[in-house]
Amino acid sequence: MFWSKPPPQTPEATPPPPPTASTPPPAAAPPPPPPPPVQQSREALADAELAALLAELTSTPPDLPTTPSAATTSALDKTSLPPSTQLNCVTAFDELFYCYSLGSQFLNVYRYGGLRDCSEKGAAWRFCLKARVRGPDAAAQMVRERNIALAARWKEKGRSSEDVWMVRKAPVEGAFEGDFEELREVLERQGAGVGEGVE
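Residues numbered from 1 in each chain as written. Predicted model: local features only at pLDDT ≥ 70, side-chain atom pairs only at ≥ 80, totals over all residues. Heavy atoms only, no water.

(A) Highlighting the layout of surface pockets. Here the largest pocket defines a volume of roughly 460 Å³. In terms of lining, the largest pocket is formed by 21 residues, of which the most central are Ala 124, Phe 127, Arg 146, Asn 147 and Leu 150. Of all the elements in the fold, those that place two or more residues in the lining of the largest pocket are helix 3 (89-100), helix 5 (119-134) and helix 6 (136-157). Residues of the lining of the largest pocket, tallied by class, amount to 11 nonpolar, 5 polar and 5 charged. (1 Å grid on protein atoms, 1.4 Å probe; cavity = no way out; pocket = protein on both sides within 12 Å on 5 of 7 lines; lining within 4 Å. Points joined across faces, edges and corners; volume = space filled by probe spheres on them. Helix = DSSP H or I, 4+ residues; strand = E, 2+ residues; numbered from the N terminus. Nonpolar A, V, L, I, M, F, W, Y, C, P; charged D, E, K, R; others polar.)

The structure is reproduced here in structure tokens:
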């Protein structure tokens, strides 16, 4: 670039001294060419590649354990449970802590005019602690039963989308069959009477 310094000048290399009569000139003989590769048939090459692949697949690296450790099996047990039966006490505690925080309570007062009831969050955290002590199988059963009871309580407690939308028991048949021109005319007649009195 135009603002950078020019590269530093290096002194010119001194030429090597000319050979004298006492030193013979170096031999400039090229090394011998490598032997020509042995031509193998396609089958022989494929067999060699297959043998190398099988040897690589059957060998076990020395740094990998061949039997699962206790930590690995406990991690597998946790992930094998369905998501509805897993417990996370840290998340339950975080939700409880946030519920009692000043920001959460202020937001609830602003939106609804009163403090938030955090008893359900506390009950969820205590349930998680109780279930963790019982062991994985008993905990999974306890969580299933609790989820069923919570779903039933929410259903009878208040309104849900099932109050607005009717549950379809049978699939709809012939939804897009019929005379669309006749439907268009009916809709136009209904739409013409809607805006008649407004100017």
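(B) Spotlight on the packing of helix 5 against helix 6. Where helix 5 contacts helix 6, the axes come no closer than 8 Å and their chain directions differ by 160°. The angle between helix 5 and helix 6 falls in the class roughly antiparallel. Here helix 5 and helix 6 pass one another in a crossing that is right-handed. On helix 6, the residues that touch Glu 120, Ala 123, Ala 124, Phe 127, Ala 131 and Arg 134 of helix 5 are Ala 138, Ala 139, Met 142, Val 143, Arg 146, Arg 153, Trp 154 and Lys 157. (Axes fitted to C-alpha atoms, helices over the stretch in contact; angles between N-to-C directions. Parallel < 35°, antiparallel > 145°, perpendicular 65-115°, else oblique. Left-handed = near helix turned anticlockwise from the far one by under 90°. Contact = heavy atoms within 4.5 Å.)

(C) Representation of the pattern of salt bridges in the model. By the definition in use, this model includes 2 salt bridges. Here Glu 95 and Lys 121 are joined by a salt bridge, their closest N and O atoms 3.7 Å apart. Of this pair, Glu 95 sits in helix 3 while Lys 121 sits in helix 5, and the two are 26 residues apart along the sequence. Overall, the relative accessible area of 39% leaves Glu 95 in the partly exposed class. Using a relative accessible area of 26% as the deciding quantity, one classes Lys 121 as partly exposed. (Salt bridge = Lys/Arg side-chain N within 4 Å of Asp/Glu carboxyl O. Buried < 20%, exposed > 50% of the residue type's maximum accessible area, 1.4 Å probe, protein only.)

(D) Summary view of helix 5. Counted at 1.5 Å a residue, the expected span for helix 5 with its 16 residues is 22 Å, and the 23 Å between its end C-alpha atoms agrees. Turning to helix 5, its buried residues number three or more, namely Gly 122, Phe 127, Cys 128 and Ala 131. Those residues of helix 5 that are buried lie in contact with helix 3 and helix 6. (Expected span 1.5 Å × (residues − 1).)

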